[in-house]
Amino acid sequence: MTERTADPRPLTGEPVCLDLLNTRWAEDGVPADLFAGAHGLTRVEGLAVWLESAGLAGRFRADAATLVHLLTARESLARAVADPADASARALIDAVLDHGRIRATLTAEGPGERAEFADPAWGPAWTAARDYLDLLTGPPGRIRKCASESCVLHFHDTSRNGTRRWCSMAACGNRAKASRHYARTRER
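Residues numbered from 1 in each chain as written. Predicted model: local features only at pLDDT ≥ 70, side-chain atom pairs only at ≥ 80, totals over all residues. Heavy atoms only, no water.

**Here we look at the overall build of the chain**
Secondary structure summary: the chain contains 6 helices and 6 strands in total. On the principal axes, the C-alpha backbone points of the chain span a range of 65 × 40 × 35 Å. Counting only residues that meet the buried cut, the chain has 39% of its 188 residues in that class. Put simply, of all contacts in the chain between residues at least 6 apart along the chain, 46% involve residues at least 24 apart. Of the roughly 10,900 Å² of accessible surface on the chain, a fraction of 52% belongs to carbon and sulfur atoms. Counting 25 positive and 24 negative side-chain charges, the chain places the averaged centre of each group 8 Å from the other. (Helix = DSSP H or I, 4+ residues; strand = E, 2+ residues; numbered from the N terminus. Buried < 20%, exposed > 50% of the residue type's maximum accessible area, 1.4 Å probe, protein only. Contact = heavy atoms within 4.5 Å. Areas by Shrake-Rupley, 256 points an atom, 1.4 Å probe, with all protein chains shown as cover. Lys, Arg positive; Asp, Glu negative; His and termini not counted. Charge placed at Lys NZ, Arg CZ, Asp CG, Glu CD.)

In structure tokens form, the structure reads like this:
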């Protein structure tokens, strides 16, 4: 990828695990997938766009092996987020986590940690699975699916009172408000 390709997804900037889930979205009611070779990108180019967007481009390569492992992690995360009580989903997340580990280090700034992988192609997948574990240590129920029936995106609710409902107020939230307004005016 010689020039930077724009990320076509409607929601970016979520924690890495949710950002990975959001590589699948709906575009005018039609399913879209950053890794499916759409938007003028090949599958590996889509991976390169995601790695750049997620801040992982300097650490990991966009290649076929990394894509296969990342798709495995995405499916595992999708199942775990959809049903946190699903033991088989937890086992799939654990299987991804088996491909890396945290190594304690001592840096000039003090204690530190460094992720290590026997196969670097598992790095992005492991990073996303590890990020999911980190989100689970926060307040419960903050990993959410957008309340819009036509939206498949997920977000981490960081609002103070934990009542965020939409992936984006500019998109899904405004559509819901407009729909409610239209319904009220029709009733009159």
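**Remarks on unusual backbone geometry**
Most of the time, phi is negative for any residue but glycine, and the peptide bond is trans. Phi at aspartate 28 takes a positive value of approximately 55°, unusual for a residue other than glycine. For histidine 39, which is not glycine, the phi torsion reads 60° and is therefore positive. Here histidine 39 shows up in the loop between strand S2 (30-33) and helix H2 (43-53).

**Some words on the packing of helix H3 (residues 64-82) against helix H4 (residues 87-97)**
Contact pair H3 / H4: the axes reach a minimum separation of 8 Å and the direction vectors enclose 150°. For the element pair H3 and H4, the recorded crossing hand is left-handed. Note on element contacts: H4 touches H3 through Ser88, Ala89, Leu92, Ile93 and Val96, opposite Thr72, Ala73, Ser76, Leu77, Arg79 and Ala80. Looking at the contact of H3 with H4, its residues break down into 7 nonpolar, 3 polar and 1 charged. (Axes fitted to C-alpha atoms, helices over the stretch in contact; angles between N-to-C directions. Left-handed = near helix turned anticlockwise from the far one by under 90°. Nonpolar A, V, L, I, M, F, W, Y, C, P; charged D, E, K, R; others polar.)

**A few points about H2**
Of all the residues in H2, the buried ones are Gly46, Leu47, Ala48, Val49, Trp50 and Leu51. Buried residues belonging to H2 abut helix H1 (16-21), H3 and helix H5 (123-136). Trailing H2 by a residue or two, glycine 55 shows a phi angle of about 80°, which is positive.

**Some thoughts on the pairing of strand S1 (residues 24-27)**
Pairing between S1 and S2: 4 bridges, direction antiparallel. The residue bridging tryptophan 25 from the neighbouring strand is alanine 32, located in S2. In this structure, the hairpin formed by S1 and S2 is closed by a connection of 2 residues, where aspartate 28 is found at a positive phi of approximately 55°. (Pairing = 2+ DSSP bridges.)

**Some remarks on the pattern of salt bridges**
Two side chains of opposite charge can pair, provided their charged atoms sit close to one another. Tallying each qualifying case throughout the model produces 11 salt bridges. The salt bridge involving arginine 130 is made with aspartate 134; its shortest N-O contact spans 3.7 Å. Of the two residues, arginine 130 and aspartate 134 both sit in helix H5, 4 residues apart, roughly one turn of that helix. Among the ionic pairs, arginine 144 bridges to aspartate 157, the shortest N-O distance being 2.4 Å. Of this pair, arginine 144 sits in strand S5 (residues 143-145) while aspartate 157 sits in the loop between strand S6 (154-156) and helix H6 (169-187), and the two are 13 residues apart along the sequence. (Salt bridge = Lys/Arg side-chain N within 4 Å of Asp/Glu carboxyl O.)

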